[in-house]
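The lines below spell out each chain.
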Amino acid sequence: MDMLINPTVVELSRAQFALTALYHFLFVPLTLGLSFILATMESVYVITGKPIYKEMTQFWGKLFGINFALGVATGLTMEFEFGTNWSMYSHFVGDIFGTPLAIEGLMAFFMESTFVGVMFFGWDRLSARAHLVVTYLVALGSNLSALWILIANGFMQDPRGGTFDPNTMRMQFSSFVDLIFNPDAQAKFVHTSIAGFVTGSMFVMAISAYYLLTNKRKDIALRSFRIATVFGAISTIGVITLGDALGYIDAHAQPTKLAAMEAIWTTDPHPVSAAWNLIAFPSRSEQKNYFEISIPYVLTPLLTHSEDTVIPGIIQLEQEAKPRIANGIKAMVALKAYNEDHGNTAALATFKKYENDMGYGFLAKEFAPDQDLAKVNASNLPSVLDKTAKATIPNVWVEFWSFRLMVAAGFFMLALFAFAAYYSLKNEIEKHPLLLKVALWSLPLPWVACEFGWITAENGRQPWTVYGWLPTFVSASSHSVGYMIFSLIGFTLLYSSFIAVELYLMFKYARLGPQEQHHHQPEPQTAGGGMAGQPAFAKPSLSPKH
Amino acid sequence: MKKLFTFLGLAAVMVLSLFLAVVTGDYGPWYFAWLVGTTMIVMIAAAGAVMFDKQDEELAKKGIRER
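Cut-off values and rules
- Residues numbered from 1 in each chain as written.
- Chains lettered and ligands numbered in written order.
- Predicted model: local features only at pLDDT ≥ 70, side-chain atom pairs only at ≥ 80, totals over all residues.
- Helix = DSSP H or I, 4+ residues; strand = E, 2+ residues; numbered from the N terminus.
- Rg over C-alpha atoms; globule rule 2.2 N^0.38 Å.
- Buried ≥ 20, exposed ≤ 12 C-beta atoms within 10 Å, placed from the backbone.
- Contact = placed C-beta atoms within 7 Å.
- Arc of directions from axis to C-beta.
- Pairing = 2+ DSSP bridges.

Draft legend 1. Here's a closer look at the overall build of chain A. The helix and strand inventory of chain A stands at 17 helices and six strands. In summary, chain A has a C-alpha radius of gyration of 26 Å against a globular reference of 24 Å for 546 residues, a match within 12%. In terms of overall dimensions, chain A has C-alpha extents of about 85 × 50 × 40 Å along its principal axes. Across the 546 residues in chain A, those meeting the buried criterion constitute 49%. Counted over contacts in chain A with a minimum sequence separation of 6, partners at least 24 positions apart contribute 77%.

Draft legend 2. Here's a closer look at helix 13 (residues 381–391) of chain A. Residues and elements named next belong to chain A. All buried positions along helix 13 are accounted for by V384, L385, T388, A389 and A391. Each buried residue of helix 13 lies within a common arc of 155° when the element is viewed along its axis, so the set occupies one face. Where helix 13 is buried, its residues contact helix 10 (314–340) and helix 12 (358–364).

Draft legend 3. The arrangement of the environment of A:I37 in detail. Residue and element names in this part refer to chain A. Mapped onto the elements, I37 comes out in helix 1 (residues 7–48). Judged by local crowding, I37 falls into the buried class, with 30 C-beta atoms found within 10 Å. Residues I37 and G200, 163 residues apart in the sequence, show an inter-C-alpha distance of 7.2 Å.

Draft legend 4. Quick peek at the pairing of strand 3 (residues 276–283) of chain A. Residues and elements named next belong to chain A. As defined by bridge partners, strand 3 adjoins strand 4 (residues 288–295) across six bridges and the pair is classed as antiparallel. Bridging across to strand 4, W276 finds its partner in I295. Taken together, strand 3 and the strand that follows it, strand 4, pair antiparallel across an intervening segment of four residues, in which Q287 is found at a positive phi of about 50°.

And the structure:
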């Protein structure tokens, strides 16, 4: 830990993780949401016995299958990336972080993948009800898989359930219950899962709108449109309210993220009239907003759900960080002394006294003379404190605008789903071609919102990998710059090819759509109904050659 | 005997559901909200589809259209 890792390698490691994570999350939300929409369609099939709902489930299920396969493939690399590119991080929190990650892997690759196979190939081998149970298990499995990775992420945002052991120099479990019931993990899971529901709804709604505009299989399109709009309207209300809850929780756990998200530089001592920045152009160097459009009386109730809670600005938060940095330096110096001599009880006692600020000492290492905290003295301490305090604040510009783009996309989708559901429920959607066109062209929006949501969450956590405990710049592996550039280019090419394959297959099968069926099957004995004996993918209604 | 097993199976599901509701309600209110909310979203969306069929039948009775 004495030598810091090359900053270029750290930045390249960050870029590579951001790239692979953002690519991966192009596939994940559709899996989370579309799986439950399939379950909804199949539920209607089992309840009513109408074969059209089975046909709908199979058609949308095929698109789900394409996305699912690529989602799993892109997720694999990330599991290993923690070890290859973030070895110090893995060493420091592996005992805690590895557990939910391993359970996530089991959920994804055993439960989810097993039942996906049964769902696709079990139409003729299972009763309708048994197949429905399988479809629900796929939906539950994919969302539970997301739950565990978000529990792991929750620990990074608000570390609970672990304590640092100075003997092993790593964090170790103190409470599994605290880890899984971490408020940040809970709120993040519901927000992310329901964002997936919105994505699935938009996917089905937009493609159904395309079929309605092109007069293709209106029987399936109208029913799919109805399910998607109702599903989407409720989900969008949910994702917005749950996002607000997540922001409220983060406000307590990560005040620096909240201040950056709202571009609040100075603390307003009058919380009632405090203004909320609708638009701002933040300048980090000058610690002010060049231009802002603000609405008074909105900030405090919006962020704190109260009228009298003072929200600290970035400048105040930097000042508040300084005593913690000073304590952290003492903790780190004592920790080093204890590691050199485990009989040094005085050093251990000093470390224990300042243990909770240890991460801030880590953070100061970058600005210490020769990156050695033992060389910090009374004369250079103010300079180290100033530089480290500024480093505790994430990139305000990125945080402010990524958050706003996510929220803007969310509210637009709420309005769209509301109108679409209203006209669908009135059975008048075909009279509104403009709305259908807007629904079609809004297809990318949930992905835009999801990606900017993750940028908000992860950029806002900076400069930490584990908030308050482990800075990002000491978390990476000590690879060479050339290796990182090579692997970054490799991942970019590989993942871009995955995206190209996904888009090609999705456009191909979505444009093709479900084919006309002029026969009506009787009440089926198995989930496969009148087409029993044929593989699910070979059914006439789904064949790409029709 | 089959009815007895069905009854026992459903009783087990009920007990498990109550246990999950109590545990998640106490320790993980957001997880509980997800369980209830997801069930609600699925049920309402399914009801929307059933409503569509009903509306379609009524239109067919009036001789307007059938999809």
